[in-house]
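Structural features, examined
Single-letter residue listing:
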Amino acid sequence: MTQYVRVKRFIVYAMAAVFLAACAPERLYIPVKDAITVEQLAAIKKGTTHKDDIEKIFGTPLDKLVFPNGRETWFYKDFNMKPLWIEFDAGGMVKKFNAD
């Protein structure tokens, strides 16, 4: 095999590696300190806990869905990938939540 073929093969492999790396999905960064605890879940009261209180307890959600009628649903995950979603009414009070 000639030197030219080796260089050409190296360039093709390098370009393929760069292309595949660019197509890789972003990693979900969840700090290890962020665990959803039983105490935190016990602090959520339907109809009385406001979304400002939720943000103080759990921090900024990973994702939010905002509906035209003013309702919102916030999503959290802890370092064990345990999901939590909280649905708020138009006034910002917890309507329902689920932690699996």
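Relevant structure appears above.
All values derive from a computational prediction rather than experimental measurement.

This part takes up the overall build of the protein. Counting its regular elements, the protein contains three helices and four strands. The buried share of the protein, reckoned over its 100 residues, is 20%. Put simply, the protein shows about 7,500 Å² of open surface, and 62% of that area lies on carbon and sulfur atoms.

Let us look at the packing of aromatic side chains. A full pass over the atoms with the stated rule returns two aromatic pairs. Between Phe-58 and Tyr-76, the aromatic rings sit 5.4 Å apart at their centres with planes inclined by 40°, giving tilted as the arrangement. Taken together, the residues Phe-58 in helix H3 (residues 51–58) and Tyr-76 in strand S2 (residues 72–77) connect sequence positions 18 residues apart. Tyr-76 gets classed as buried once you look at its relative accessible area, which sits at 6%. Each ring, one from Trp-74 and one from Phe-88, has its centre 4.8 Å from the other, and the planes form 65°; the classification is edge-to-face.

Looking along a regular strand, one sees the side chains alternate between the two faces of the sheet. Examined bridge by bridge, strand S3 (residues 83–88) and strand S4 (residues 94–99) share five bridges and lie antiparallel to one another. Each bridged residue has a counterpart across the sheet, and for Glu-87 the counterpart in S4 is Lys-96. In this antiparallel pair of consecutive strands, S3 and S4, the connection spans five residues, and Gly-92 shows a positive phi of 90°.

Definitions and cut-offs
Residues numbered from 1 in each chain as written. Predicted model: local features only at pLDDT ≥ 70, side-chain atom pairs only at ≥ 80, totals over all residues. Heavy atoms only, no water. Helix = DSSP H or I, 4+ residues; strand = E, 2+ residues; numbered from the N terminus. Buried < 20%, exposed > 50% of the residue type's maximum accessible area, 1.4 Å probe, protein only. Areas by Shrake-Rupley, 256 points an atom, 1.4 Å probe, with all protein chains shown as cover. Phe/Tyr/Trp six-rings, centres within 6.5 Å; stacked < 30°, edge-to-face > 60°. Pairing = 2+ DSSP bridges.

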